[in-house]
Amino acid sequence: QVQLEESGGGLVQAGGSLRLSCTAPRTIFSVFIDFTMEWYRQSPGNQRELVASTVSSGSTNFADSVKGRFTVSRDNSKKRVYLHMNSLKPEDTAVYYCAANRGGRRDWGQGTQVTVSS
C-alpha cells in the first residue's frame, strides 16, 4: 500500500489561491514515476469527483469545473505532486484527496480540507 501525505489546505477568500501538496515518502522513485497521480474532492452530500491528474510524461487532465483555474505538477525526485488552485470559488469547498493510481488500483491520502468563503 502506498502511503500518501497531503498538506496545504485551509480557509481562503473567493478569488484567492492555495497550493496542495501530496508526497509518497515511503515509495521509491522508480515506482513513483509509474503512478498516475490524481486529485479528487468531495463535498458533503456529493460523490468524490476527479479534479486533476498527471503522469510522469507531463500529460495532465482536468475536470471542466476547474479548467483554466487549477494546474497540477509533480516533482518525481521528491515523490511529490501539487495542485495549484487559483481563482477559487465557494463551490470549490471540499475535502481534497490525492491518489496514486496504478492500473486502476488507487491508494488514497487522508484528505485535506479546503474552504472558500464568499
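A. How the structure looks around the state of the cysteines. This model, assessed by the stated rule, comprises one disulfide. Through a disulfide, C22 is tied to C98; the S-S separation comes to 1.9 Å. Residues C22 and C98 are joined by a disulfide whose S-S torsion is about 50°; by sign, that bridge is right-handed. Of this pair, C22 sits in strand β3 (residues 18-23) while C98 sits in strand β9 (residues 94-102), and the two are 76 residues apart along the sequence. Comparing C22 with C98 shows no difference in burial state: the two are buried.

B. Focus on the nonpolar core. Counting 27 residues, the largest nonpolar core has L4, M37, W39, F70, L83, M85 and Y96 as the members making the most contacts within it. Of all the secondary-structure elements, those providing two or more residues to this core are β3, β4 (36-42), β5 (49-54), β7 (70-75), β8 (80-85), β9 and β11 (112-117). A per-element tally of this core places β9 first, with four residues. Not counting residues up to four positions away in its chain, the partners in contact with M37 are L4, C22, F32, A52, S53, T54, R74, V81, A99 and A100.

C. View of the packing of aromatic side chains. Enumeration over the complete set of coordinates arrives at three aromatic pairs. Relative to F35, the ring of F32 lies with its centre 6.0 Å away and its plane at 70°, an arrangement referred to as edge-to-face. The pair F32 / F35 is uniform in exposure class, with both members buried. Pairwise contacts between aromatic rings join Y40, Y97 and W108 into one cluster. Note that R48 overlies the ring of Y97, its terminal NZ or CZ placed 3.8 Å from the centroid. The positively charged end of R48 is found above the aromatic ring belonging to W108, 4.6 Å away from the centroid.

Conventions and cut-offs
Residues numbered from 1 in each chain as written. Predicted model: local features only at pLDDT ≥ 70, side-chain atom pairs only at ≥ 80, totals over all residues. Heavy atoms only, no water. Disulfide = S-S within 2.5 Å. Helix = DSSP H or I, 4+ residues; strand = E, 2+ residues; numbered from the N terminus. Buried < 20%, exposed > 50% of the residue type's maximum accessible area, 1.4 Å probe, protein only. Core = buried A, V, L, I, M, F, W, Y, C linked by side-chain atoms within 4.5 Å. Contact = heavy atoms within 4.5 Å. Phe/Tyr/Trp six-rings, centres within 6.5 Å; stacked < 30°, edge-to-face > 60°. Lys NZ or Arg CZ within 6 Å of the ring centre and 35° of its normal.

Read these as geometric descriptors, not functional statements.
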